[in-house]
Amino acid sequence: MFNVILFGAPGSGKGTQSQKIVEKYHLKHVSTGDLLRSEIAGGTQLGMEAKKFMDGGLLVPDEVVIGMIDSTINSNKDAKGFLFDGFPRTAVQAEKLDELLEQHNAEINIVLALEVSEEELVKRLLERGKTSGRSDDADETVIRSRIEEYRKKTAVVAGHYQQLNKVKTSPGEGTIDAIFASLSTEIDQVIS
Ligand code: ADP
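None of these values were measured; they are calculated from a predicted model.

Reading the values: the criteria
- Residues numbered from 1 in each chain as written.
- Predicted model: local features only at pLDDT ≥ 70, side-chain atom pairs only at ≥ 80, totals over all residues.
- Heavy atoms only, no water.
- Phe/Tyr/Trp six-rings, centres within 6.5 Å; stacked < 30°, edge-to-face > 60°.
- Helix = DSSP H or I, 4+ residues; strand = E, 2+ residues; numbered from the N terminus.
- Buried < 20%, exposed > 50% of the residue type's maximum accessible area, 1.4 Å probe, protein only.
- Contact = heavy atoms within 4.5 Å.
- Axes fitted to C-alpha atoms, helices over the stretch in contact; angles between N-to-C directions.
- Parallel < 35°, antiparallel > 145°, perpendicular 65-115°, else oblique.
- Left-handed = near helix turned anticlockwise from the far one by under 90°.

Details of the packing of aromatic side chains
Right, on to step 1. As enumerated under the stated definition, the model contains three aromatic pairs in all.
Right, on to step 2. Measuring from centroid to centroid gives 5.9 Å for Phe-7 and Tyr-150, while their planes differ by 45 degrees, and the two rings are tilted. Of this pair, Phe-7 sits in strand E1 (residues 3-7) while Tyr-150 sits in helix H8 (residues 140-162), and the two are 143 residues apart along the sequence.
Right, on to step 3. A relative accessible area of 13% places Tyr-150 in the buried class.

Have a look at this one:
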């Protein structure tokens with residue numbers, strides 16, 4: 001298996017680039033944000049619990065997202081690999097992901113980190129809020145809370161994989177195609 005983490009702040013373009021990467025490298029796209037939103041849409045217990053955190057721009061508890069990832073990996077055993085988007089977001093999630101992959105004799109092969117300035121992030125998220133239907137994009141206070149959660153809890157995840165020498169940083173500003181080209185170059189270097 002070839003497993004990729006796409007890492008970056010809310011609004012850094014992970015969703016857009018993920019779609020292009022999974023198509024090119026035939027990976028299974030795993031977005032915890034999408035999984036949580038579909039639980040909410042389905043009105044499940046898990047979705048209702050998660051919604052309280054998401055509406056405030058806070059992270060959903062680790063055990064909730066780890067459970068979702070565990071079942072996603074188990075139900076896609078034949079996948080060529082996974083692209084994790086929006087996960088892991090805490091040190092605990094990162095450690096748990098390494099363990100889960102190890103059970104399948106796999107590991108994270110590369111962590112692609114997208115770098116975007118805070119002002120650009122806020123601008124993009126407010127813009128997306130006009131059409132995405134996502135309430136957490138419509139309110140600047142919630143957006144700032146999400147970025148703050150990223151700085152407080154998620155930034156440490158990069159450190160976890162930096163120690164393992166797996167992090168490759170790319171600029172997240174520029175055209176979608178230029179950003180994709182630089183991410184592809186990083187992946188190709190690890191594959192070859
Ligand atoms: P964004 O990256 O733009 O914030 P996501 O769709 O990745 O969007 O996440 C939306 C919300 O879902 C987050 O603000 C958080 O509340 C919750 N969430 C998503 N992934 C995780 C995760 N791995 N751990 C905890 N909460 C998560």
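This is not the end of the story, as more comes after the structure.
Quick word on the environment of Leu-36
Right, on to step 1. Along the chain, Leu-36 falls in helix H2 (residues 32-41).
Right, on to step 2. For the pair formed by Leu-36 and Asn-165, sequence separation is 129 residues and the distance between their alpha carbons is 30 Å.
Right, on to step 3. Apart from the residues within four sequence positions on either side, Leu-36 is in contact with Leu-46, Ala-50, Met-54, Val-60, Val-64, Val-65 and Met-68.

Observations regarding the packing of helix H4 (residues 62-74) against helix H5 (residues 91-102)
A pair of packed helices can be characterised by two numbers: the angle between their axes and the separation between those axes.
Right, on to step 1. Running from N to C, H4 and H5 point in directions that differ by 20 degrees, and their axes come no closer than 11 Å. With respect to each other, H4 and H5 are oriented roughly parallel. Note on packing geometry: the crossing formed by H4 with H5 is right-handed. Residues Asp-62, Val-65, Ile-66, Ile-69, Asp-70 and Ile-73 of H4 pack against Val-92, Gln-93, Lys-96, Leu-97, Leu-100 and Leu-101 of H5.

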